[in-house]
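Next come the chains, spelled out residue by residue.
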Amino acid sequence: FFGGLVAFRLYRKFGGDTRLNDGKEMMDKMGKWALNSMTVFENKWLLLKAEYSASIYENNEAQQMYKASIKVSQDHGNIHEVGLAYELWGHYYSANGFEADSNNCFKQAHVYYTQWGATAVAERIYHNHNLGIASTPVNTELQVGNFKHPRELDW
């Protein structure tokens, strides 16, 4: 999964059909896996599709896939995957000159990574993107609300 994300990122930065093909191969593999376990692989497949679409300049498709990946990640309680999708969407917006949208995505990534407990990752995003948000648990809880992992839900 991460190899595919890296391949698409390197393709956008340096070019090279091998990188694009490597990313697409991982995307196709993830799509097959998603058929067997949507809970585990669907959001990853959608995120790879977003990155692929961004790589081939299909901007509308890319945005729809980022949104879909975030929704599926939220539906399955994968907070870290929500953070990753927002982070990559932020990079997409930044590369296309949409700084306000980019900052909003990075702020969301910061919130979800903090909620998940990945404080070092959250701080990296905070500092690398000059986010003007408070980095406190109270602020995070207010932004995330009562987002619960499915294991924590009262059935």
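Residues numbered from 1 in each chain as written. Predicted model: local features only at pLDDT ≥ 70, side-chain atom pairs only at ≥ 80, totals over all residues. Heavy atoms only, no water.

Visitor: Which residues make up the packing of aromatic side chains, and what values go with them?
Guide: Taken as a whole and assessed by the stated rule, the structure comprises 10 aromatic pairs. Between Tyr-93 and Phe-98, the ring centres sit 6.1 Å apart and the planes meet at 80 degrees, which makes this aromatic pair edge-to-face. Among the residues examined, Tyr-93 registers a relative accessible area of 10% and is labelled buried. For Phe-98, a relative accessible area of 44% translates into the label partly exposed. Through pairs of rings, three or more aromatic residues link up here, namely Tyr-66, Tyr-86, Trp-89, Tyr-92, Tyr-93, Phe-98 and Tyr-112. Against the face of Phe-1 rests Lys-44, its NZ or CZ located 5.8 Å from the ring centre. (Phe/Tyr/Trp six-rings, centres within 6.5 Å; stacked < 30°, edge-to-face > 60°. Buried < 20%, exposed > 50% of the residue type's maximum accessible area, 1.4 Å probe, protein only. Lys NZ or Arg CZ within 6 Å of the ring centre and 35° of its normal.)

Visitor: Give a description of unusual backbone geometry that names residues and reports values.
Guide: The residue Tyr-57 is not glycine, and still its phi comes out positive at about 65 degrees. Looking at the secondary structure, you find Tyr-57 in the loop between helix 3 (38-55) and helix 4 (59-75). Judged by its relative accessible area of 68%, Tyr-57 falls in the exposed class. (Helix = DSSP H or I, 4+ residues; strand = E, 2+ residues; numbered from the N terminus.)

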